[in-house]
Amino acid sequence: MTSIPTIAFKPHLLSVLRLALLMFASSAAVFAQQPGADGLGDRLYPRLGNGGYDVGHYAIDLAFTPESNTIAATAIVEALALQDLSSFNLDLSGLVVDNVFVNDETARFDRDDSELVISPSQALTNGEAFTARIAYGGVPAPISDPAVPWLKLGWQRWTEGYVAAVSEPSGSMNWFPSNNHPLDKATFVFRLTVPQPYTAVANGVLSETINNADDTRTFVWHMRQPMASYLALAAVGEFVEFRDESGPIIIRNYFPPDTDPGTITAYDVTGEMMSWLINLLGPYPFDEYGVVVVPGFPMALETQSMSIFGETMHDPEIILHELVHQWFGNSVTLMNWTDTWLHEGFASYFDALWVGEHYGARAYDGYVTAALNSNTALPAPGNPEKHELFSLSVYFRGALVLHALREEVGDETFFEILRTFYSANAYGNVDTADFIAHAERLSQRELDELFDAWLYGERIPDLP
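We now turn to the structure provided with this report.

Definitions and cut-offs
Residues numbered from 1 in each chain as written. Predicted model: local features only at pLDDT ≥ 70, side-chain atom pairs only at ≥ 80, totals over all residues. Heavy atoms only, no water. Salt bridge = Lys/Arg side-chain N within 4 Å of Asp/Glu carboxyl O. Helix = DSSP H or I, 4+ residues; strand = E, 2+ residues; numbered from the N terminus. Pairing = 2+ DSSP bridges. Expected span 1.5 Å × (residues − 1). Buried < 20%, exposed > 50% of the residue type's maximum accessible area, 1.4 Å probe, protein only. Contact = heavy atoms within 4.5 Å. Polar contact = N/O pair within 3.5 Å; in protein donor to acceptor, adjacent residues only side chain to side chain. Axes fitted to C-alpha atoms, helices over the stretch in contact; angles between N-to-C directions. Parallel < 35°, antiparallel > 145°, perpendicular 65-115°, else oblique. Nonpolar A, V, L, I, M, F, W, Y, C, P; charged D, E, K, R; others polar. Phe/Tyr/Trp six-rings, centres within 6.5 Å; stacked < 30°, edge-to-face > 60°. Lys NZ or Arg CZ within 6 Å of the ring centre and 35° of its normal. Left-handed = near helix turned anticlockwise from the far one by under 90°.

### Comments concerning the pattern of salt bridges
Alright, step 1. Under the definition given, this model contains 15 salt bridges.
Alright, step 2. Between D287 and R224 there is a salt bridge, with the nearest N and O atoms lying 3.9 Å from each other. Of this pair, D287 sits in the loop between helix 3 (270-281) and strand 19 (288-289) while R224 sits in strand 15 (residues 216-227), placing them 63 residues apart in sequence.
Alright, step 3. Here the residues in one salt-bridge network are E241, R243, E245, R252 and E288, joined through shared partners.

Set out below in structure tokens:
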């Protein structure tokens, strides 16, 4: 056998070897640490949201000065690293960032358009829980988004004395930094400080109202269930609360003090609608519900647990539409913005069901006929471009997808599909393929041809 000679290391050679090993380990660690992606791969919004981490909770502490329309705020973001991170991004448009801390240590930050790029003093490791604290402020600049060319998004004044932040799909980044995509849902606390006599309304449950020494009040709102950033709401103005605790869910509505009594009573139907939807779909997904009516706001929007309405938007079908979204849209949320029909088509179809429930089968058939007629020249809703995201096709041909499915599988199976699809995916994210697979599993039928025709076909198919 051949012997292996031994090597007598000199002390200085051991030191050199040790240093080399340390340098190798250090370079390997640096190589493993990468910046988080500046988007989540959404086809329509490739730079909305960010990769490399998952947010669990936001705490937004914001003081508003109405005279100058300025905010001074601190956002605390509690998150979990999903990879080794040398830096990560938050979405923030405009505003001035004063400082950033990560895990209570000063962090370097840079701005790249609407990307706030944060580099912690200590790199984050995969699986590490971390907290970022961002101090920022200024005058929010409303955001133009081609998906909603008729409306600016984000924090803005709608008429004298009334400010509200409405954000679908991209606008929340004009008033707080976030992982601004529906895929990353989180719980929220809002501490909104406004001068007397203003009230600040937000999502969730009002847990505390604090009278401050400087003639301001701080309203503390807790949104305890996961929420996508685009559903975050802040509304500031003089409001009067109307509270109803007689039904299965507490309903509290906020109106300007000079609101016409007929407008206020128009929302009394909400309790009946709530019971009807609970019976069809299962438990209401949040702690309370309500609406805030904002003068000058030209539409209605399903901001989570506290929908925002303009003064003239109180038709029953609109009230119901935004309530349905609390189940489909807010609790069960799309994975990508191209699947918007899963929100708007579902809510529009429940409008048809409500009409049929109260005015009979002829009224339901009339809704279907009107939807068919409104879609004859419109593109299919299954894969819209950005400017088609909230088109009539997404709403009404999206609703017709569900009508066609109901005709195909029958009432009992159809409503079981809706109930179980909701219960299986509450507080989560879904895409169209998930719904098709669920419908096929429950009905025990191949439904690709039906969905392909209604969601992606150039012409509207004949109804079954």
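Once the structure has been displayed, the description carries forward.
### Describing the sheet that holds strand 6 (residues 105-106)
Alright, step 1. Overall, mixed pairing links the eight strands, which are arranged 6-5-9-3-2-12-15-14 in an open sheet. Edge positions in the open sheet fall to strand 6 and strand 14 (205-211), since each of these has one partner strand only.
Alright, step 2. When strand 2 (residues 53-65) meets strand 12 (residues 186-195), the two strands line up parallel, connected through seven bridges. Bridged to A59 within strand 12 is V189.

### With respect to helix 5 (residues 341-359)
Alright, step 1. Given a rise of 1.5 Å per residue, 19 residues ought to cover 27 Å, and the 26 Å separating the end C-alpha atoms of helix 5 matches this to within 8%.
Alright, step 2. With 15 of 19 residues buried, helix 5 lies mostly within the body of the structure.
Alright, step 3. Within two residues after helix 5, G360 carries a phi angle of roughly 100 degrees, on the positive side.

### Comments concerning the environment of T303
Alright, step 1. If you trace the backbone, T303 turns up in the loop between strand 21 (300-301) and strand 22 (307-309).
Alright, step 2. For T303, a relative accessible area of 0% gives the class buried.
Alright, step 3. With 73 residues separating them along the chain, T303 and Y230 place their C-alpha atoms 8.0 Å apart.
Alright, step 4. Residues within four places of T303 in sequence aside, it is in contact with N203, L231, A232, L233, I308, Q326 and N330.
Alright, step 5. Reaching out from T303, the side chain makes a polar contact with the backbone oxygen of M306 at a distance of 2.6 Å.

### Describing the pairing of strand 12
Alright, step 1. Among the ten residues of strand 12, nine are classified as buried, and the element is accordingly described as predominantly covered.
Alright, step 2. Pairing of strand 12 with strand 15 involves nine bridges; the strand directions are antiparallel. Counted as the bridge partner of T193 is T218 from strand 15.

### Structural notes on the environment of V324
Alright, step 1. Structurally, the position occupied by V324 is in helix 4 (residues 316-324).
Alright, step 2. Sequence spacing of V324 and M274 is 50 residues, and the spatial spacing of their C-alpha atoms is 8.8 Å.
Alright, step 3. Residues contacting V324, with those up to four places away along its chain left out, are L277, F346, A347 and F350.

### Focus on the sheet that holds strand 8 (residues 115-119)
Alright, step 1. Across the sheet, four strands lie side by side as 1-4-8-7; this open sheet has mixed pairing. The open sheet has two free edges, formed respectively by strand 1 (34-35) and strand 7 (108-112), since each of these has just one partner strand.
Alright, step 2. Here strand 1 runs beside strand 4 (residues 85-91); their pairing, made up of two bridges, is parallel. Note that in strand 4 the partner of P35 across the bridge is S87.

### A short note on the side chain of H438
Alright, step 1. Looking at the element boundaries, H438 is found in helix 9 (residues 432-443).
Alright, step 2. Residues contacting H438, with those up to four places away along its chain left out, are I417, T420 and F421.

### Quick notes on the packing of helix 3 against helix 5
Alright, step 1. Packing of helix 3 against helix 5 brings their axes to within 12 Å, and their N-to-C directions diverge by 110 degrees. It follows that helix 3 is roughly perpendicular to helix 5 by the angle criterion. Here E272, M273, W276, L277, L280 and L281 of helix 3 come into contact with helix 5, specifically with F350, L353, W354, E357 and H358.
Alright, step 2. Broken down by class, the residue content of the contact of helix 3 with helix 5 amounts to eight nonpolar, one polar and two charged.

### Remarks on the environment of L151
Alright, step 1. On the secondary structure map, L151 appears in the loop between strand 9 (129-138) and strand 10 (154-159).
Alright, step 2. We classify L151 as buried; its relative accessible area is 9%.
Alright, step 3. In sequence terms L151 and M299 are 148 residues apart; their C-alpha atoms lie 9.5 Å from each other.
Alright, step 4. Apart from residues no more than four positions distant in its own chain, L151 is found in contact with I143, W158, P298 and M299.

### Examining the packing of aromatic side chains
Alright, step 1. Scanning the entire structure with this criterion turns up 38 aromatic pairs.
Alright, step 2. Summarising the aromatic geometry, the rings of Y349 and F414 are spaced 5.7 Å apart at their centres and angled 80 degrees between planes, so their arrangement reads as edge-to-face. Within this pair, whereas Y349 is found in helix 5, its partner F414 is found in helix 8 (residues 411-425), the two being separated by 65 residues in sequence.
Alright, step 3. Since its relative accessible area comes to 1%, Y349 is described here as buried.
Alright, step 4. Taking relative accessible area as the criterion, F414 reaches 0% and is therefore assigned buried.
Alright, step 5. Positioned above the aromatic ring of Y45 is the side chain of K386, whose terminal nitrogen or guanidinium carbon lies 4.2 Å from the ring centre.
Alright, step 6. A cation over a ring is seen here: R406 above Y364, with NZ or CZ 5.3 Å from the ring centre.

### What to know about the packing of helix 7 (residues 392-409) against helix 10 (residues 448-456)
Alright, step 1. Packing of helix 7 against helix 10 brings their axes to within 9 Å, and their N-to-C directions diverge by 160 degrees. As far as their axial angle goes, helix 10 and helix 7 are roughly antiparallel. Two packed elements cross with a definite hand, and for helix 7 against helix 10 that hand is right-handed. Across the interface between the two elements, R397, L400, V401, A404, L405 and E408 of helix 7 pack against L450, F451, A453, W454 and L455 of helix 10.
Alright, step 2. Its residues assigned to classes, the contact of helix 7 with helix 10 shows nine nonpolar, no polar and two charged.

Read these as spatial facts, not as claims about activity.
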